[in-house]
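# Architecture at a glance
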Amino acid sequence: MINKPFLLIDEKRCRRNISDMYNKALKNNLIFRPHFKTHQSLEIGRWFRSVGVDRITVSSFSMAEYFSEEWNDITVAFPVNIGEIDLINKLARKIKLNILIENCESVVFLNENLRHPVVFFIKIDVGYHRTGIDPNNTDLIDEILSLSAVGGMLKFSGFLTHAGHTYRCRCRDEVLEIHRKSQSIMACLRKHYIDKYPSMIISIGDTPSCSLAENFDGIDEIRPGNFVFYDLSQYNIGSCSIDQIAITLSCPIVSKHP
């Protein structure tokens, strides 16, 4: 008997979702760096490793610390919190740590306080407007890149974005239109900086785009997270079918008030 809320995971569906997204990345010659904030589980992380995943994304340095027990290439896909510099240095000593930067103040602080090399992406806003730099603000981008070269501990890896506004969509065409706009924005940045940074990476991350798109021209890396379980919100967007949803919450009903 279930006497309190209980999370149920369909392992078969979950593993199938992982395998399908991994194979899609492989087919499109993409780096697959799944976001682990959805499951936050070392055990489920091992299901990813079993298909060949060797690098991951998380949303905080504390989450990175947890997963650093078994993973040694981790991107913290959240604007860097310089107040956690001790943990940043601890992780950077142990693993390849990738962080997000979107202002000069962070760069100045990191130049003075980093004790170990750290890779960084510049976060770009492609329309979600939650965080990130306006892609047209190349003056700020240039200043960040210039400052990052001073301390010797920061290595620029590329531009990263999250088109989170796809979660407001309610059909495939709306998602694909946002994906196309994101591609175009990131392509312009690549063109502008590729001569100076030929090995730069363009990284995108939302589950709807990664699930529905087939054209990833100009994209090097994908970081979806929700796809591991999917849910009814993703079904309503059109990202998945009902039989791809791998999780449910069972709750006891204690009273009814129609």
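A brief report on the enclosed structure follows.

Rules behind the numbers
- Per-chain numbering applies: the sequence of each chain, read as written, is numbered from 1 onward.
- Reporting in this predicted model follows two pLDDT cut-offs: at least 70 for local features of residues, and 80 or more for side-chain atom pairs to be given and counted; totals over whole chains, interfaces and linings ignore these cut-offs and use all residues.
- With hydrogens and water set aside, each side-chain value is computed from the structure's full complement of heavy atoms.
- Put simply, the grid is 1 Å and covers the protein atoms alone, a cavity is a trapped set of points that fit a 1.4 Å probe, a pocket is an open set with protein on both sides within 12 Å along at least five of seven lines, and lining residues have an atom within 4 Å of a point.
- Grid points are joined across faces, edges and corners, and a volume is the space filled by probe spheres set on the points.
- Here the nonpolar group is Ala, Val, Leu, Ile, Met, Phe, Trp, Tyr, Cys and Pro; Asp, Glu, Lys and Arg are the charged ones; every other residue, Gly included, is treated as polar.
- Put simply, DSSP marks the helices as runs of H or I at least four residues long and the strands as runs of E at least two long, and each gets a number from the N terminus on.
- Throughout this description, the term salt bridge denotes a Lys or Arg side-chain nitrogen within 4 Å of a carboxyl oxygen of Asp or Glu.
- Throughout this description, buried means an accessible area under 20% of the type-specific maximum (1.4 Å probe, protein chains only), exposed means over 50%, and partly exposed covers the range between.
- Multiplying one less than the number of residues by 1.5 Å gives the expected span of a helix.
- The directions considered for the arc are those from the helix axis to the C-beta atoms.
- In this analysis, two residues are considered to be in contact whenever any of their non-hydrogen atoms come within 4.5 Å of each other.
- Any two rings among Phe, Tyr and Trp, with Trp reduced to its six-membered ring, count as a pair given centres within 6.5 Å; such a pair is stacked if its planes are under 30 degrees apart, edge-to-face if over 60, and tilted if neither.
- Counted as a polar contact is a pair of N or O atoms within 3.5 Å, where, for protein atoms, one must be capable of donating a hydrogen and the other of accepting one, and residues adjacent in sequence contribute only when both atoms are in side chains.
- Nonpolar side chains (Val, Leu, Ile, Met, Phe, Trp, Tyr) within 5 Å and like charges within 9 Å form the patches, drawn only from residues with over 30% relative accessible area and no salt bridge.
- We get accessible surface area from the Shrake-Rupley algorithm with a probe of 1.4 Å; when it comes to residues, only the shown protein chains can shield them.
- The positive count covers Lys and Arg only, the negative count covers Asp and Glu only, and His and the chain ends enter neither.
- Note on charges: their place is set at NZ of Lys, CZ of Arg, CG of Asp or CD of Glu.
- Within this scheme, the nonpolar core is defined by two criteria: the residues are buried Ala, Val, Leu, Ile, Met, Phe, Trp, Tyr or Cys, and they are joined through side-chain atoms within 4.5 Å.

## As for the layout of surface pockets
Its boundaries defined by the atoms lining it, the largest pocket holds a volume of some 270 Å³. In terms of lining residues, the largest pocket is bounded by 20 residues, among which His35, Lys37, Ala77, Arg130 and His162 are the most central. Residue composition of the lining of the largest pocket, grouped by class: six nonpolar, nine polar and five charged. There is about 210 Å³ of room inside the second largest pocket. Breaking the lining of the second largest pocket down by element, the ones donating at least two residues are strand S5 (96-101), strand S6 (118-124) and strand S7 (154-161). The biggest single contributor to the lining of the second largest pocket is S7, with three residues. Grouping the constituent residues of the lining of the second largest pocket by class yields seven nonpolar, four polar and five charged.

## Observations concerning the pattern of salt bridges
Taken as a whole and judged by the stated rule, the model has 11 salt bridges. In this structure, Asp73 engages Arg33 in a salt bridge whose closest nitrogen and oxygen atoms are separated by 3.0 Å. In this pair, Asp73 is assigned in strand S4 (residues 73-79) and Arg33 in the loop between strand S2 (31-32) and helix H2 (42-51), connecting sequence segments 40 residues apart. Each member of the pair Asp73 and Arg33 is classed as buried. Between Asp220 and Arg190 there is a salt bridge, with the nearest N and O atoms lying 2.5 Å from each other. Note that Asp220 is positioned in the loop between helix H8 (207-212) and strand S9 (221-222) and Arg190 in helix H7 (residues 172-193), a separation of 30 residues in sequence. What makes Asp220 partly exposed here is its relative accessible area of 22%. It is possible to trace a salt-bridge network through shared partners that takes in Arg33, Asp73, Lys96 and Glu221.

## Some thoughts on helix H1 (residues 11-27)
Given a rise of 1.5 Å per residue, 17 residues ought to cover 24 Å, and the 24 Å separating the end C-alpha atoms of H1 matches this to within 8%. Within H1, the full set of buried residues consists of Cys14, Asn17, Ile18, Met21, Tyr22, Lys24 and Ala25. The buried residues of H1 all sit within an arc of 160° when viewed along its axis, so they share a single face. For H1, the exposed residues lying more than 90 degrees away from the buried face are Lys12, Leu26 and Lys27. Each element contacted by the buried residues of H1 is listed here: strand S1 (6-9), S2, H2, H8 and S9. Positive backbone phi, at 55°, marks Asn29, one or two positions downstream of H1.

## Side note on the packing of aromatic side chains
Evaluation of the coordinates by the stated rule reveals 11 aromatic pairs. Relative to Trp71, the ring of Phe36 lies with its centre 5.5 Å away and its plane at 90°, an arrangement referred to as edge-to-face. You can see Phe36 sitting in the loop between S2 and H2 and its partner Trp71 sitting in the loop between helix H3 (61-67) and S4, a full 35 residues away along the chain. Residue classification places Trp71 among the buried positions, given a relative accessible area of 1%. An aromatic cluster is defined as three or more aromatic residues linked by ring pairs; in this entry it consists of Tyr22, Phe32, Phe36, Phe48, Tyr66, Phe67, Trp71 and Phe227.

## Quick notes on the environment of Asp73
The exposure class of Asp73 is buried, given its relative accessible area of 11%. For the pair Asp73 and Arg33, spaced 40 residues apart in the sequence, the C-alpha separation amounts to 9.3 Å. Within the local environment of Asp73, its side chain forms a polar contact with the side chain of Arg33, the two groups lying 3.0 Å apart. At a separation of 3.0 Å, a polar atom in the side chain of Asp73 contacts the side chain of Asn98.

## Observations concerning a negative patch on the surface
On the surface, Glu105, Asp139, Asp142 and Glu143 cluster together into a patch of negative charge. The element that contributes the greatest number of residues to the negative patch is helix H6 (residues 138-151), accounting for three residues. Accessibility expressed as a relative area gives 58% for Glu105, which makes it exposed.

## Topic: the environment of Tyr128
In this fold, Tyr128 is placed in the loop between S6 and H6. Sequence-wise, Tyr128 and Ile178 are 50 residues apart; in three dimensions their C-alpha atoms are separated by 9.9 Å. Ignoring anything within four residues of it in the chain, the contact list for Tyr128 reads His162, Gly164, His165 and Arg168.

## Some details on the nonpolar core
Counting 74 residues, the largest nonpolar core has Phe48, Leu97, Ile99, Ile122, Phe159 and Ile222 as its most contacted members. At six residues, the largest contribution of residues to this core is made by H7.

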